[in-house]
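So you can see what is in the structure, the chains are spelled out below.
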Amino acid sequence: MAEALVDLDVSDLEPPEPLLRATVALQNLPRGKALHMIHRLRPQLLYPEAERLGFESDTRQGPDGRCEIFFWRRDDPAAARAARTAAAALPPWRE
Amino acid sequence: MTTGFAMLSTRQSPPLAVPMRFLLTAPLFLAMVGLVMLLAPAQFATRWNPAVLAAAHLWVLGFMLMVMVGAIQQLVPVLIGVPLTRPMAVSRVLHGLLVFGAGALAVAFLRESAGYFWLAVVLLDGALLVLLTAVLPALRRSPSSHATVQGMFLALAALALTVVLGSFLAMGHIGRVPLHREWTDLHLTWGLAGWTVLLVAAVAWQVVPMFQLTPRYPLWLTRWLGPVLLLGLVTASVGEGVLGSIGAALLSLALLSLAGWTLLLQTRRKRRLADATLDFWRLAMLSLIAAVIGWWARKSGLNLPDLWLGALMAVGFAGSAILGMLYKIVPFLVWLHLTNRAMDQGLSVSGLPNMKQVIPAVRSRWLLRVHLVWVLGLLAIPWLPPSGVRLVGLVGLVEGLLLEWHLGAALVLYRRHQQARG
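The residue numbers shown here count from 1 along each chain, following its written sequence. Working convention: letters from A go to chains and numbers from 1 go to ligands, in the order in which they are written. For a predicted model such as this one, the threshold for reporting local features is a pLDDT of at least 70, and the threshold for listing and counting side-chain atom pairs is 80 or more; totals across whole chains, interfaces and linings nevertheless cover every residue.

Colleague: Help me understand the overall build of chain B, please; the structure alone is not making it clear to me.
Modeller: Looking only at helices and strands, chain B features 13 helices and 0 strands. Atoms counted for the radius of gyration: C-alpha only. Globule rule: 2.2 Å times the number of residues to the power 0.38. What you see for chain B is a C-alpha radius of gyration of 21 Å, in line with the 22 Å of a compact globule of 422 residues. Projecting the C-alpha coordinates of chain B onto the three principal axes gives extents of approximately 70 × 45 × 40 Å. Exposed residues have 12 or fewer other C-beta atoms within 10 Å of their own C-beta, buried residues have 20 or more, and partly exposed residues fall in between, where C-beta atoms are placed from the backbone. Residues classed as buried in chain B amount to 52% of the 422 residues present. Whether two residues are in contact depends on their C-beta atoms, placed from the backbone: they are in contact if these lie within 7 Å. The contacts in chain B between residues at least 6 apart in sequence include a share of 77% that link residues at least 24 apart. The numbering of helices and of strands both runs from the N terminus, where a helix is a DSSP run of H or I of at least 4 residues and a strand a run of E of at least 2.

Here it is in structure tokens:
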């Protein structure tokens, strides 16, 4: 299932790089794949943009306390399945 | 691979003018503090002299509160996810009330004028009401469970009490009620250790990891710091003897936890690049620790200068933290608004300035040096002759003008790019 995920680790990048890279990655995400983004914090500004681009998301807490977000296109059931399965292995994000 | 970017959402973000009118006004008040010291240096021998009271209020209202109120209007929509109602109108009214309120209070102290005290009370109480009316409903509606929301609630409660106490003291100056000088310490403790620390902490929970590339603050700290600090403040304010000491200990614990964790997180940051923001925050947290040690030293009978605790808290801690945030938030906002505008018009983002071009690193580094001299100069005032105080005032004036230039240049850059692209 992991091959259905595209990983994007922006946790050591300074703003606005995480926002820019995530936006580009979402635009270029192939069908059937979900984006697995890793960041230090919940990327507040990214969610409205992802929604506008037609994505749904699930935000989880990684084992090292980092924020792990899974994005998939609303009309892509294969990507949704892959993202939900991977996300279910992690606890929900806590603020 | 696509090279362009989709439009980044600023649906939550208010127009740039909303925070910027506050951020561009604040340095002028800092320059005015310097001017007062230049013109009346002999008055800085004791804390109760009119020029000292005027300078202190120009700083805390004209500089600190001005930036904090501007920042709240930007951060509530962006960090908490709830836009404020009619942001432009609210910011214009708030800005006017604060500018004239801070100015009127400074004149009231300098002239001991009842009319100006009245005017200041009406304007500043009005500013508080407008701020609470604008921000509290947004905080209540917030879908976020982040500790920043709780922290802002507590900070605003402490601000309200600070303003009420301040208004009462102003009534004392006018002669409407007896002037309780002993309440001044309560007023400034709630303003500096309450409102200021609570707001800086609420913002730090998000801004420090975001801009300084550190790990997150532990959740227990973000949840408990505010309530423990407030409990400590209340207990220290109303309790006597052992109860008062417990309150003081709780308050100190909260302040030291904020400072200690911030310094610790900075040592664990991801990329160890030199950055003036980091040093501004280091100076802020070291000042906070020094202020707590100084407070306990005074409580145990050590004769420390009156001015020290106020200077450490208001300029060393709050001033440094505010400056550190300004040098990140202003370039970020300029970049965000320019990028969105370009995207909105279907134009390329290439050629737009990046954050480091909006305010070059060399400028923030220079301001840090001047600010450090200003803080040390203020701490040295009890031993300085009037000519020395004048010199410290000159440093404050230079710092204010430098900051105004740096922020103003960022806005000029924004306007130039905006006009170039129609």
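Colleague: Just checking my understanding: could you explain the overall build of chain A for this structure?
Modeller: When helices and strands are tallied, chain A shows 3 helices and 4 strands. Tracing chain A from N to C terminus, the helices and strands come up as β-α-β-α-β-β-α. Relative to the 2.2 N^0.38 estimate, which gives 12 Å for 95 residues, the radius of gyration of chain A is 12 Å and therefore close to what a compact globule would have. Overall, the C-alpha framework of chain A stretches about 30 × 25 × 20 Å when taken along its three principal axes. The buried share among the 95 residues of chain A stands at 33%. Considering only residue pairs separated by 6 or more positions, chain A has 66% of its internal contacts joining residues 24 or more positions apart.

Colleague: What am I meant to see in the nonpolar core here?
Modeller: Among soluble globular proteins, nonpolar side chains are generally buried collectively. Residue and element names in this part refer to chain B. To count as a nonpolar core, a set of buried Ala, Val, Leu, Ile, Met, Phe, Trp, Tyr and Cys residues must be joined through C-beta atoms within 7 Å. Ranked by size, the top nonpolar core spans 172 residues in total, and within it Leu58 and Val67 carry the most contacts. With 23 residues, the top contributor of residues to this core is helix α10 (residues 306–344). Here Leu58 is in contact with Phe29, Met32, Val33, Val36, Ala102 and Ala106, once residues within four sequence places are set aside.

Colleague: So what exactly am I meant to see when it comes to the pairing of strand β2 (residues 34–39) of chain A here?
Modeller: Each regular strand displays side chains that alternate between the two surfaces of the sheet. All names here are of chain A. With 5 of 6 residues buried, β2 lies mostly within the body of the structure. Relative to β2, strand β1 (residues 5–9) runs parallel, the two sharing 5 bridges. When the bridges of β2 are listed, Leu5 appears paired with Ala34. Seen with its strands pointing away from the viewer, a crossover is right-handed if its path from the first strand over the helix to the second goes clockwise. Between the parallel elements β1 and β2, the chain passes through helix α1 (residues 17–27) in a crossover that is right-handed. Note that β2 and strand β4 (residues 67–73) share 5 bridges and pair antiparallel. The residue of β4 that forms the bridge with Ile38 is Glu68. Pairing between strands is defined by DSSP: at least two bridges between them are needed.

Colleague: Mind showing me how you'd approach the interface of chain A and chain B here?
Modeller: Many analyses report the size of an interface as the accessible area lost when the parts associate. On the chain B side, the residues contacting the 22 residues of chain A number 29 residues. When contributions to the side of chain A that touches chain B are tallied by element, the ones reaching two or more residues are α1 and α2 (46–52) of chain A. The element contributing the most residues to the side of chain A that touches chain B is α1(A), with 5 residues. Here the side of chain A that touches chain B is built from residues that sort into 9 nonpolar, 6 polar and 7 charged. Only Asp, Glu, Lys and Arg are considered charged in this grouping, and only Ala, Val, Leu, Ile, Met, Phe, Trp, Tyr, Cys and Pro are considered nonpolar; every other residue, Gly among them, is considered polar.

Colleague: Please explain the packing of helix α5 (residues 147–174) of chain B against helix α6 (residues 183–212) of chain B as it appears in this structure.
Modeller: All names here are of chain B. Interhelical geometry of α5 versus α6 gives an angle of 160° and a closest axis separation of 8 Å. In this view, α5 runs roughly antiparallel relative to α6, as classed from their interaxial angle. Regarding α5 and α6, the two cross each other, and that crossing is left-handed. When grouped by side-chain class, the residues that make up the contact of α5 with α6 number 19 nonpolar, 9 polar and no charged. Geometry is summarised by axes, namely lines fitted to C-alpha atoms with helices restricted to the contacting stretch, and by angles between N-to-C directions that run from 0 to 180 degrees. An angle counts as roughly parallel when it lies under 35 degrees, as roughly antiparallel when it exceeds 145, as roughly perpendicular when it falls between 65 and 115, and as oblique in every other case. Here a crossing is taken to be left-handed if its near helix is turned anticlockwise relative to the far helix by less than a right angle, and right-handed if that turn runs clockwise.

Colleague: Just checking my understanding: could you explain helix α4 (residues 114–141) of chain B for this structure?
Modeller: A turn of α-helix holds 3.6 residues, and therefore any two residues three or four places apart point the same way. Between its first and last C-alpha atoms α4(B) spans 41 Å; for 28 residues at 1.5 Å apiece the expected length is 40 Å, and the two agree. B:Tyr116, B:Phe117, B:Ala120, B:Val121, B:Leu124, B:Ala127, B:Leu128, B:Leu131, B:Ala134, B:Val135 and B:Ala138 are the residues of α4(B) that are buried. Expected helix span is computed as 1.5 Å times (number of residues minus one).

Colleague: How do you make sense of the sheet that holds strand β3 (residues 55–61) of chain A when you look at a structure like this?
Modeller: Hydrogen bonds along the backbone pair up the strands of a sheet, which may run parallel or antiparallel. All names here are of chain A. Strand order in the open sheet formed by 4 strands is β1-β2-β4-β3, with mixed pairing between adjacent strands. For this open sheet the edge positions go to β1 and β3, each flanked by a neighbour on one side alone. Averaged over neighbouring strand pairs, the angle between their axes works out to 20° when direction is ignored. Running at roughly 165° to β4, helix α3 (residues 77–88) makes contact with β1, β2, β3 and β4 of the sheet.

Colleague: Please explain unusual backbone geometry as it appears in this structure.
Modeller: Working note: non-glycine residues mostly have negative phi, and peptide bonds are mostly trans. For the bond from A:Pro15 to A:Pro16, the omega torsion is 5°, close enough to zero to count as cis. Within the secondary structure, A:Pro16 is located in the loop between β1 and α1. For B:Leu213, which is not glycine, the phi torsion reads 55° and is therefore positive. Topologically, B:Leu213 is positioned in the loop between α6 and α7 (219–238). With 23 C-beta atoms counted inside 10 Å, the residue B:Leu213 sits in the buried group.

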